[in-house]
Structures are given as C-alpha cells and as structure tokens.
Amino acid sequence: MPELRKDPVTGRWVIIATERAKRPNDFPHPQGVPSEEPCPFCEGREDRTPPEIFALRPSKSQPNGPGWQVRVVPSVAPVLRIEGQLDRRGYGAYDVMRGIGAHEVIIESPRHCGDLTELSDEDVHAVLQTYQARLNDLQHDPRFKYVLLFKNHGRAAGGGYIPHVRSQLIATPVTPKRVKEELEGAKQYFHYRDRCLYCDMIAQERESGTRVVCESEHGIVLAPFASRFPFELCLLPKRHSCDFGSTAAAELQGIARTLRQMLTSLKQTLANPPYNYIVHTAPFRRPTSTRAHYWRTIKEDYHWHLEIMPRLTRMAGFEWGTGFYINPTPPEDAVTYLRDQQPQERHGTH
Amino acid sequence: MALTEPRKGQNHITSVPSESELRRDVVTGRWVIINTSHPSRVGDFEFESADVKGTGTCPFCPGNEAMTPPEVYAERPSGGQPNGPGWTLRVVPNKFPALQIEGDLQRRGIGIFDMSRGVGAHEVIVESTNHQWQLADLDAPDIARTLHAYQLRSRELRGDQRLKYVLIFKNHGVAAGASLEHTHSQLIALPVVPIRVADELNGCAQHFEYRDRCAYCDVLHQELEARERVVCETSAFAVFAPYVSRFPYELCILPKFHRADFLLVPDDELQDLARALREALRRLRSALKNPAYNFILHTAPIEEGNREDYHWHFELMPTLRQVAGFEWGTGFYINPTPPELAAEDLRNASI
C-alpha cells in the first residue's frame, strides 16, 4: 500500500510509492561529455575568470595567481547584478524591482577534479569555511536578505559543461518562498511546543534508526521521513544552531567529514549520480529591519542544515503544479543501500 | 542551463530593458528573476524533442485494450463492447497507480510525523486512437471531448467523501515525465489539498479580502490591456505568457468568465477552450520544434467550487532545460527568457 507522508516543517505531503519501490540500479543517468577546452577553474589559469572576490591562500600568495586552496569569483553570466539600488515599484497588479544581488562561483579545488569526494576532509573543511566567509561578508550589505549556497553537480542537475568541482552562491534582496515556508513551519512548531522541530526530529530518528545514514560527533545524515526524491538526504548539525555562518571551526571540521562521507556513499551506491545540495540557514537579521521582531525566536526555533537531492527521476507536471511529490523509493530502503556502502564508518545507533 | 558559463547560441536585440528584473507573482508571492540582459530565445535551448518514435507494443493503441486495467469510461460513437476496439476516447486506471482507491485513510502520527494510507484514484485519459498524433494534431471538437472527459471523471470522483482535490495534468514527452508516448493525460484524486494549490487559494483569498476583486480577473484585465504578453485570444479565453513566468515560454490559459470551478464550465465554453488550447500547443510546437511539455488544470478543491475569490485556469510549461538546485530548494526561479519576448516569438510562429 502506498503511503502519504507529511513533511513536519512545511506541511507538504508526499506519496511514498511502496508498491513499486525502485532500487539504485533502476535509475540510469548518462554521464555528460566533458568539454575539450582548457579548464578556466584550474590553478594557473586565474586570468580566465573575473578577478577573485575571496581566496584561501595558506601560503600568502598574491591574489589572482596560483597558490590558493579555495577561490571565489563573480559568475561570468550573473543572473543578478551587484551595483545599484533596488528601485521597488508597482506595475498595475504586479510588483517588480531591479535585479540586484550577488552571484558568485566558489571554486573548491585548484586541481581539476569532479567532486568533493576526491578532496581530503581538510579540503572540504576549507570549502565550508569559504562558504561561511562569503555569507558573513555579504551580510554587511543592507540590500540583501538571504544568501543561497548551492551546488549543481552533473549536467542533469543543472551543472556546467566543465567538470571542475565548484558551488555557487546567490545573494537575494528578498527571502525566497521555500525558505520562508520552512522558517514559518519551524516557528509554528516552536511556539506550540517550546522546542526546536529539527532537534526533536534528530532525537526521534536516532531512536528509531531506520532513516539514519551515518553520524559523527557533530553531524547526522538522515533520509527525511517525507522525502520527495529517491535518496534525498539531509545533513544536520547535532548542536542546535540557526546559523551556518557562526559554526565554530572544530564543529565545522566534523561537519565537513560527515558531508564527505555522505557524498561518498551516494557516489558509490548510485554510480556518481547528478545531484543538487543547498545550505538552509537563517536569513540575515538586522536590528534596524522593520521585520526584526518577526524572527524574534529564530535562534531557538530554526536549525540550519544541508539538503541534498540526487537527480534520478524526471520531475513531471504533477509535481510542478502541486508541490505534491511521488517518491518511488521509501527513505528506509534508500538508507539500507547507503549504509551498505560504508561498512568501516558504522556507528552504534543503527 | 548552466548559471556560470556563457550561453551558446546568439542573443537577439530587443526592446526589453537591458537589465534583469525581480518580479513578484500576484497570487503566490513567489519572486522570479527575469534575465532581460542576455535573454535566451527559441534557438538557444538544447532539449530533447517529443517526437513520436512508435516502436514496441503500445497498451493505449486499439486492439491492445487487454493490456490496461478495465476501462472506467469510454466513448464509442459507433457502439462496441467495453474493453474492446471501437472507442475514440478511453479512460483507464493507471496500471501502476501512485494511489489506490480501496480502504480508508487511517490517518496517524508517528512521533512528530504525520501520515496516512495512500488512498485516492489515479487514472489515464487516452485522448486518441492514433499513436502518431499528439494532442495538438487533434481537431478542436476532439480536444473538447477530452476536456469533457476531465469533467465527467472529476464529477464522479467528487462523490467520494475521502477525496479533497482532483488534479488533472498532462506530461507530454519523456523530458516532461511521460512514460508512454501515446497521447494521454492523467487524473489523480487526492485525500489532501496539495501545498501549491493551497498557496494559490490563500493568495487569492488575501487579494480578495484586501480589494474585493479576484486576483486573476485583475491579471486578465491588465494583460488584455497591455497586450505585450498575449499570445492569442478566443471569445472566452486569453492565452498569455505570465508576467512572472518561472520557465521560458510558460503560458497561462485564463478564462475571461470568472469561475472557480472547471466543472461548471458549459459545453460551448469548453469548445472555445479546446480552440485556445489547440492554438497554444501548436504555437509552442512550431516555435520550439516540438518540445516536451506539461500542462496542469488549476481548479477549486472539491466542495469549494462556489468560492468567489478563485479563478480556474490552465498552466502550460514546455520542458526546455533542467531546473537547478537553486530553484528546487528555494522556489525562487531564474527565467532566461522574458515573457514579453516569449509571447512575441509565439505570436510570430507559423501554425
């Protein structure tokens, strides 16, 4: 019998189609043809990108030259522009403003490699530190409300032609709709119970164990109860915090290790699937904002996390139009496949 | 489409402002980035076309009726037995249903989670006997019969107390999620109102509360006055590229007569809708070289058909590119084709 499951945060319902459950080999995904052009993201070709905004240069090398660990540059085809005022206005029944924002590319390795699993835990830690640095810097621009950090891995996930590991960020002058929904859901739960929904979820999932993929001292990886997509996963910090940007170095190092472990088991289970991941963190809160009171309890009610969605199925009209998803792989099944790929990393809670 | 690399193909010189805009949807409050600085046009997309291949045995072709579950409705103008040939339109339960019709919901909680059994209906409307035809190839009166079948099936399922919403949609082409190429649409009857439908209803309710007018009626008047996003028009319907289009060449088919419920649309208006839908599909096919597409019927939930704040409509979205992580995770879309240019291309398409 199929099941209908409700996401506790957003209230979104998902059909878990248990009757025709799909397994890892049921999702063919052709690998893209790599570009023949010299890669503009590799060390030594810094002049092929716009001048860098930020770089981790452990050896104190010069900007826009070699010797970096992670490098951030503006997108060459930005969807938003950094200069100018928003110019909010109405147009009949509609509202419109200028496309002001930041669009940056985070080059995650000087070497030409395809994904984060090919890096060391320390390198992944450096990537997360770079995310933090950019987030904390963009916070100072009063025009921006939110920064989206995301990765499109593989062509089917909207990634580029050049297989050089990187992520993107987009700073927006409005808080995106899904982000707002999530914040609302978390706030409502907190107001009702005086507890963080995500902390409750972690406690419940650790107790049942059936949807836990892996965990470490600092992080835990779950297949969400109401997963929309086959092998969808969520990485949460065990320590309650609404803000990714303020995570301390030691904790971030643990999170980096868990992230790499999660990506490795996905890669092995699904033969290098295309995927997207997104960092969900609190929006910028400024004491002067007219909405300051609105996020009064956010430190207590919200819990930052990283959401990862392998792109294994086509999204059909049904899902687009309704936000109502049909998932052919129960998350409990996904977890058993993913756990089999990481025998050396098992932890006692399963 | 890659966000970080220059687009292939040429960009066209247009009169649209040379700067991106953020536009906010009147109904849902969703913001969309419209890339007016480097707009992508018809030839700029790499996508899989939805051409009919016609290989293998098709369960929807006449003579193969035994390959589907027994029909729940069929039109046999010259007679014939159920589940045999002689039909012109046929509705069957989905062989692999996402939901099952038997049993009660058994709603329950598991700790912080809520769930119920997957009760509902999942049906397939086979629109034509001809395997080679697409919906756009059918005559308007035949398309009207398909629309009429949507009404009939919805009406029957509305009697079921367990169900809250009947969703009608079409996936055309593999890239749009179709698993069989023989032209068909689908119906899913749900025991809950889906979240995006609820968003739309809430948005309309707020607009009505504030202005005592329907949000879609406001949109209709503005679009018919501005004209720049209108693709075509019949006596009862306007086809236009929404001001806040999420996708390149997205279209909305909006009835001029305010009504919340598609089921209350009379026959003559259904004939007119068939003409509007046919023209929209043919213009898309001609301008974009047979793209895969989805359409979705947006109508009021069961037992809410008399709401004065809601306005039923069709949403039509060609599948021209992969949606990236940014868009999935945030509901914040980047559209590389301003709807004004999309409308112009579709108006200029030869049909």
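Source: prediction; values computed, not measured.

Calculation criteria
Residues numbered from 1 in each chain as written. Chains lettered and ligands numbered in written order. Predicted model: local features only at pLDDT ≥ 70, side-chain atom pairs only at ≥ 80, totals over all residues. Helix = DSSP H or I, 4+ residues; strand = E, 2+ residues; numbered from the N terminus. Rg over C-alpha atoms; globule rule 2.2 N^0.38 Å. Buried ≥ 20, exposed ≤ 12 C-beta atoms within 10 Å, placed from the backbone. Contact = placed C-beta atoms within 7 Å. Pairing = 2+ DSSP bridges. Axes fitted to C-alpha atoms, helices over the stretch in contact; angles between N-to-C directions. Expected span 1.5 Å × (residues − 1). Nonpolar A, V, L, I, M, F, W, Y, C, P; charged D, E, K, R; others polar. Parallel < 35°, antiparallel > 145°, perpendicular 65-115°, else oblique. Left-handed = near helix turned anticlockwise from the far one by under 90°. Core = buried A, V, L, I, M, F, W, Y, C linked by C-beta atoms within 7 Å. pLDDT = per-residue confidence, 0-100.

Please clarify how the overall build of chain B should be interpreted in this entry.
Looking only at helices and strands, chain B has six helices and 15 strands in total. Here the C-alpha atoms of chain B give a radius of gyration of 21 Å, agreeing with the 20 Å that 2.2 N^0.38 yields for 351 residues. Going through the 351 residues of chain B one by one, you find that 53% of them count as buried. Restricting the contact set of chain B to residue pairs at least 6 apart, pairs at least 24 apart contribute 69%.

Is there a simple way to explain the overall build of chain A in this structure?
From N to C terminus, chain A includes seven helices and 15 strands. Buried positions account for 52% of the 350 residues belonging to chain A. The long-range fraction of contacts in chain A, counting pairs at least 24 apart against all pairs at least 6 apart in sequence, stands at 71%.

Where do I start with the sheet that holds strand 6 (residues 94–98) of chain A in this structure?
Strand order in this open sheet of five strands is 5(A)-6(A)-1(B)-2(B)-15(B), and the pairing throughout is mixed. A single partner strand is all that each edge strand has here, and the edge strands are strand 5 (89–91) of chain A together with strand 15 (333–335) of chain B. For this sheet, the mean angle separating the axes of adjacent strands, direction not counted, is 30 degrees.

Is there a simple way to explain the pairing of strand 14 (residues 305–310) of chain A in this structure?
Every regular strand shows the same layout, with side chains that alternate between the two sheet faces. All names here are of chain A. Counting buried residues along strand 14, six of its six residues qualify, which places the element largely inside the surrounding structure. Bridging between strand 12 (residues 233–237) and strand 14 involves three bridges; their strand directions are antiparallel. In the strand pairing of strand 14, Cys234 is matched with Glu307. Examined bridge by bridge, strand 13 (residues 275–280) and strand 14 share six bridges and lie antiparallel to one another. Counted as the bridge partner of Ile278 is Glu307 from strand 14.

Is there a simple way to explain helix 1 (residues 140–158) of chain B in this structure?
Since there are 3.6 residues in each turn of an α-helix, residues three or four apart along the chain are aligned in direction. Between the first and last C-alpha of helix 1 of chain B there are 27 Å, a value that for 19 residues agrees with the 27 Å anticipated at 1.5 Å per step. Among all positions in helix 1 of chain B, only Ile143, Ala144, Thr146, Leu147, Ala149, Tyr150, Arg153, Ser154 and Leu157 of chain B are buried.

Where do I start with the sheet that holds strand 13 of chain A in this structure?
Residue and element names in this part refer to chain A. The ten strands are arranged 3-4-7-9-8-13-14-12-11-10 in an open sheet whose pairing can be described as antiparallel. In this open sheet, the two edge strands, each paired with only one partner strand, are strand 3 (54–56) and strand 10 (212–215). Neighbouring strand axes in the sheet, compared pairwise and without regard to direction, differ in orientation by 20 degrees on average. Sheet topology note: the strand 11 (residues 219–222)/strand 12 ladder contains four bridges and is antiparallel. Bridging from a neighbouring strand, Ile220 pairs with Leu236 of strand 12.

I tried to follow the interface of chain B and chain A on my own but got confused; where do I start?
Interface size is commonly expressed as the accessible surface area that is lost when the partners come together. Taken together, the contact pairs 66 residues of chain B with 69 residues of chain A. The residue inventory of the side of chain B that touches chain A, partitioned by class, reads 35 nonpolar, 18 polar and 13 charged. By the bridge criterion, four bridges tie strand 6 of chain A to strand 1 (residues 21–24) of chain B in an arrangement that is antiparallel. When the bridges of strand 1 of chain B are listed, Val96 of chain A appears paired with Arg23 of chain B.

I keep staring at the packing of helix 1 (residues 121–138) of chain A against helix 4 (residues 249–270) of chain A and nothing clicks. Help me out?
Axes are the key here: two packed helices are described by the angle between their axes and the distance separating the axes. Residue and element names in this part refer to chain A. Relative orientation of the contacting elements helix 1 and helix 4 amounts to 115 degrees, with a least axis distance of 8 Å. With respect to each other, helix 1 and helix 4 are oriented roughly perpendicular. For the pair helix 1 and helix 4, the crossing hand works out as right-handed. Each of Asp121, Val124, His125, Leu128 and Gln129 in helix 1 lies in contact with helix 4, whose residues at this interface are Leu252, Gln253, Ile255, Ala256, Arg257, Leu259 and Arg260.

What is the right way to look at the nonpolar core in this model?
Buried together is how nonpolar side chains tend to be arranged in soluble globular proteins. In this structure, Val231, Val239, Leu251, Ile253, Leu277 and Ala280 of chain B are the most contacted members of the largest nonpolar core, which totals 99 residues. Contact partners of Ala280 of chain B, with chain neighbours within four places excluded, come to Val231, Cys232, Val239, Leu251, Ile253 and Leu316 of chain B. Counting 94 residues, the second largest nonpolar core, distinct from the first, contains Cys214, Val221, Ile255 and Leu312 of chain A.

Please clarify how the environment of Glu46 of chain B should be interpreted in this entry.
With respect to the element layout, Glu46 of chain B can be found in the loop between strand 2 (31–34) and strand 3 (73–75). The spatial distance from the C-alpha of Glu46 of chain B to the C-alpha of Leu201 of chain B is 35 Å, given a sequence separation of 155 residues.

Can you help me understand the packing of helix 1 of chain B against helix 4 (residues 267–288) of chain B in this one?
All names here are of chain B. Two numbers describe how helix 1 lies on helix 4: the axes approach to 8 Å, and their chain directions differ by 115 degrees. Judged by the angle between their axes, helix 1 and helix 4 are roughly perpendicular. Where helix 1 crosses over helix 4, the handedness of that crossing is right-handed. In this structure, helix 1 contributes Ala140, Pro141, Ile143, Ala144, Leu147 and His148 to the contact, and helix 4 contributes Leu270, Gln271, Leu273, Ala274, Arg275, Leu277 and Arg278.

Whenever I open this one, the confidence of the model for chain B confuses me. Can you help?
Detailed reading of predicted coordinates is not advised where the pLDDT is low. Residues and elements named next belong to chain B. Put simply, chain B has an average pLDDT of 88, and 93% of its residues get 70 or more. Per-residue pLDDT stays below 50 along residues 1–15; that stretch engages in 34 contacts with residues further than four places along the chain or on separate chains. Here the prediction assigns the complex a pTM of 0.88, and the interface score ipTM is 0.84.

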